[in-house]
Amino acid sequence: MHHLLTYHYTADYLERRGAYRNVHIAKAWQAQAQGLLLLAGAVGDPPDRAVYVFDVPSTAPIEAFVQDDPYYQNGLVARYEIQPWTTVVGKDAKTPIRPT
């Protein structure tokens, strides 16, 4: 099942991320290599949040990702949300629906 993880960044995120960015990005690529994370990236200009697309059967691996993320550990994430995402269109949709 697809899930969306949304990080809502603090107002000073851009000023503070430098010290943690390499480890944060490395952990995201590691999750991608393990087949858990499909896509991730910042949203906004300037960015005020990020969205991650996970393909996992439960939220447990996403919670583990958040807890181990230096952005979260060091207070760059004001809050986060994990939501199931019912994908219906596209070659990778988990519950494809076609017109009749």
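To be clear, the structure that these remarks concern was listed above.
What about the overall build of the chain?
Part 1: Looking only at helices and strands, the chain features four helices and four strands.
Part 2: Element order for the chain, N to C, with α for helix and β for strand: β-α-α-β-β-α-α-β.
Part 3: Here the C-alpha coordinates of the chain stretch approximately 50 × 30 × 20 Å along the principal axes.
Part 4: Burial status across the chain gives 29% buried among its 100 residues.
Part 5: Sequence separation of 24 or more characterises 68% of the internal contacts of the chain that already satisfy a separation of 6 or more.

A look at the pairing of strand β2 (residues 37-44)
Part 1: As paired elements, β2 and strand β3 (residues 47-55) share seven bridges and run antiparallel to each other. Among the inter-strand pairings, V43 is bridged to a residue of β3, identified as R49.
Part 2: The antiparallel hairpin formed by β2 and β3 contains two residues in its connecting segment.

Here's the deal with the layout of surface pockets
Part 1: Empty space within the largest pocket amounts to approximately 310 Å³.
Part 2: As for the largest pocket, its lining consists of 19 residues, of which H24, I25, A28, A40 and G41 are closest to the centre.
Part 3: Those elements giving two or more residues to the lining of the largest pocket turn out to be α2 (21-33), β2 and β3.
Part 4: Classifying every residue of the lining of the largest pocket by side-chain character gives 14 nonpolar, three polar and two charged.

Focus on the side chain of T87
Part 1: You can see T87 is positioned in the segment after β4 (77-85).
Part 2: Contact partners of T87, with chain neighbours within four places excluded, come to H2, D92, A93, K94, T95 and P96.

What counts, and at which threshold
Residues numbered from 1 in each chain as written. Predicted model: local features only at pLDDT ≥ 70, side-chain atom pairs only at ≥ 80, totals over all residues. Heavy atoms only, no water. Helix = DSSP H or I, 4+ residues; strand = E, 2+ residues; numbered from the N terminus. Buried < 20%, exposed > 50% of the residue type's maximum accessible area, 1.4 Å probe, protein only. Contact = heavy atoms within 4.5 Å. Pairing = 2+ DSSP bridges. 1 Å grid on protein atoms, 1.4 Å probe; cavity = no way out; pocket = protein on both sides within 12 Å on 5 of 7 lines; lining within 4 Å. Points joined across faces, edges and corners; volume = space filled by probe spheres on them. Nonpolar A, V, L, I, M, F, W, Y, C, P; charged D, E, K, R; others polar.

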